[in-house]
Protein chains: 2
Amino acid sequence: MVYPGQQPVGYADMAAELREQIRSGELRPGQRLPSERDLAETYGVSRLTASRAVAVLRNEGLIVSVRGYGYCVQTPPEVESVAAGSGDRVSTRPPTPEERAQYAVAAGYGVLVVTHADGLQDIYPGDRYEIVTEADSAHE
Amino acid sequence: MVYPGQQPVGYADMAAELREQIRSGELRPGQRLPSERDLAETYGVSRLTASRAVAVLRNEGLIVSVRGYGYCVQTPPEVESVAAGSGDRVSTRPPTPEERAQYAVAAGYGVLVVTHADGLQDIYPGDRYEIVTEADSAHE
DNA sequence: AGGTATTTGTTCGTATGTATA
DNA sequence: GTATACATACGAACAAATACC
C-alpha cells in the first residue's frame, strides 16, 4: 500500500528527476553531479539506491562516471556522416561487448549496421555517426 | 564448464558466460534460464549478484524477464522495412522512457531517427525496423 | 614521493513487496 | 492459499581509482 501524499522515492524516481534536470538544462553538459553519498542524503535513500539511479542515466548515455572522481553530464559528440547507396539497408542493434570496446560506443547507444546489396555489412558507432542516403552508391 | 569456488566470479563474468551460451546457441530463443537462486548457487555468488548478471543481459536485449516466472532467451522479432529517400539522414540514439513505452522498444535497443530534408523526423523502434534507401523519396 | 580523504565499483546478507504458477 | 520468482531497498564492507596536501 502506498500512502498518498508521501512519496516512496525509489531509484527509478530519482533517475526520472535527474533525467528531467538534464533534459531541461538545469544540469548542463560537462557539469558535475553531486556524489552518490550526497544524492543519497538529499533523497533520503541509501547510497546503493542512489548508485542505481545514476547507473540508469549512465546506461542511457546521459552521464558518464569516473571512479574516484564522480559523475558528469555527457557532452554530445560531433556526428560524422557516411553515405549509403540505393538499396542499402540501415538497422541498429546493441553492440556486443567487443564492439563496444572496439568502437568505444557510448553507454546506451547501439551500432548502426549498413547492409549492402551484396550482403556485406558496415558497422558504425551509433553515438557518432549518421547515414546519409545518396542516389549513387559510392562506397569503396 | 563452470568452476565454482575457484576464482572470484563477479556479475560481469557471469553475464559474459551466459552471453556466450546464448550466442553459441547453447541457450536457444524461448528457452528458459535457471532461476536467480539456482544461478547464484551454481556460480557460488549471492542472489543479488546473479540478479545483476541477468539484468545486464536483459539490458542488452538478449533475455526477457517476467516477475513470478523467470527469464527466457529473447526471440528476435520480425523486421519491417521503411523506405528513405535521397538526402534523408538516418541515426540512432537511446529512446527516452516515453518513447520506450510508446513504441515498446526492446531493452538495449535504440530508436532509428530518419531526418528528412525539411527537418522533420520519423522515429522507429530499432528492434523491429530497418531503413531501406530508395532512389525516390516516397514517404507519406 | 608519499599519505590521506573522497568517490565510484562490487559484493555480501537480509528484508519487504508484488506478480505469477 | 501456498510456493516460486522477480523487483526494490537497506546496511555494511572492501577494493580501486582519483584528488588533494
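Residues numbered from 1 in each chain as written. Chains lettered and ligands numbered in written order. Predicted model: local features only at pLDDT ≥ 70, side-chain atom pairs only at ≥ 80, totals over all residues. Heavy atoms only, no water.

With respect to the protein's contact with DNA strand D
Piece 1. Among the 24 residues in the neighbourhood of DNA strand D, the closest are listed as Gly 10, Tyr 11, Ser 46 and Thr 49 of chain A together with Arg 58 of chain B.
Piece 2. The sugar and phosphate moieties of DNA strand D supply 78% of its atoms located within 4 Å of the protein.
Piece 3. Interatomic distance of 3.2 Å between a backbone N/O atom of Gly 10 of chain A and a phosphate oxygen of DNA strand D.
Piece 4. Within the contact set of DNA strand D, a phosphate oxygen lies 2.9 Å away from a side-chain nitrogen or oxygen of Arg 58 of chain B.
Piece 5. Contributions of two or more residues to the surface near DNA strand D are made by helix H3 (47–59) of chain A together with helix H3 (47–59), strand E1 (63–66) and strand E2 (70–73) of chain B.
Piece 6. Among the elements that line the surface near DNA strand D, the one with the most residues is H3 of chain A, at four residues. (Near = heavy atom within 4 Å. Polar contact = N/O pair within 3.5 Å; in protein donor to acceptor, adjacent residues only side chain to side chain. Helix = DSSP H or I, 4+ residues; strand = E, 2+ residues; numbered from the N terminus.)

Focus on the sheet that holds strand E7 (residues 129–133) of chain B
Piece 1. The sheet built from five strands is open, its strands ordered E6(A)-E5(A)-E4(A)-E7(B)-E3(B) with mixed pairing. Sheet topology places strand E6 (121–125) of chain A together with strand E3 (80–84) of chain B at the edges, where each strand pairs with a single neighbour. Taking the axes of each pair of neighbouring strands and ignoring which way they run, one obtains an average angle of 25° across the sheet.
Piece 2. Bridge count between strand E5 (residues 111–115) of chain A and E6 of chain A: five bridges; the pairing is antiparallel. Among the inter-strand pairings, Thr 115 of chain A is bridged to a residue of E6 of chain A, identified as Gln 121 of chain A. (Pairing = 2+ DSSP bridges. Axes fitted to C-alpha atoms, helices over the stretch in contact; angles between N-to-C directions.)

Regarding the relation of the copies chain A and chain B
Piece 1. Under the fitted operation, chain A is carried onto chain B by 0.0 Å of movement along the axis and a turn of 180°, and the coordinates agree to an RMSD of 0.1 Å. Those values place the two copies in the arrangement expected of a two-fold rotation axis.
Piece 2. Here 100% of the interface residues in chain A have copies in chain B that are interface residues too; the copies meet face to matching face. (Least-squares fit on C-alpha atoms with pLDDT ≥ 70 in both. Contact = heavy atoms within 4.5 Å.)

Re the pairing of E2 of chain B
Residues and elements named next belong to chain B.
Piece 1. Side chains Gly 70 and Cys 72 project from E2 onto one buried face, and the interleaved Tyr 71 and Val 73 project onto a second face that is buried too.
Piece 2. Here E1 pairs with E2 via four bridges, running antiparallel. Along E2, the bridge assignment pairs Ser 65 with Tyr 71.
Piece 3. Connecting E1 to the antiparallel partner E2 that follows it, the hairpin turn spans three residues, and Gly 68 within it adopts a positive phi of roughly 85°. (Buried < 20%, exposed > 50% of the residue type's maximum accessible area, 1.4 Å probe, protein only.)

Describing the sheet that holds strand E4 (residues 89–93) of chain B
Piece 1. Spatially, E3(A)-E7(A)-E4(B)-E5(B)-E6(B) is the arrangement adopted by the five strands of the open sheet, whose pairing is mixed. The outermost strands of the open sheet, each flanked by one partner alone, are strand E3 (80–84) of chain A together with strand E6 (121–125) of chain B. Here the average twist between neighbouring strands, direction ignored, is 25°.
Piece 2. Note that E4 of chain B and strand E5 (residues 111–115) of chain B share five bridges and pair antiparallel. When the sheet's bridge partners are listed, Arg 93 of chain B is paired in E5 of chain B with Val 111 of chain B.

Some remarks on the protein's contact with DNA strand C
Piece 1. DNA strand C sits among 22 residues. The nearest are Arg 47 and Tyr 71 of chain A together with Gly 10, Tyr 11 and Thr 49 of chain B.
Piece 2. Put simply, 66% of the atoms of DNA strand C that lie within 4 Å of the protein are in sugar or phosphate.
Piece 3. One of the backbone nitrogen or oxygen atoms of Tyr 11 of chain B is found 3.0 Å away from a phosphate oxygen of DNA strand C.
Piece 4. Mapped onto the surface near DNA strand C, the elements with two or more residues apiece are H3, strand E1 (63–66) and strand E2 (70–73) of chain A together with H3 of chain B.
Piece 5. Looking at the surface near DNA strand C, the element that brings in the most residues is H3 of chain B, giving four residues.

Details of H3 of chain B
Residue and element names in this part refer to chain B.
Piece 1. Compared with the 18 Å implied by 1.5 Å per residue over 13 residues, the 18 Å span of H3 between its first and last C-alpha is a close match.
Piece 2. Those residues of H3 that sit buried are Ala 50, Ala 53, Val 54, Ala 55 and Leu 57.
Piece 3. Summarising the contacts, the buried residues of H3 are in contact with helix H1 (11–24), helix H2 (36–43), E1 and E2.
Piece 4. At the C-terminal side of H3, Gly 61 shows a positive phi close to 80°. (Expected span 1.5 Å × (residues − 1).)

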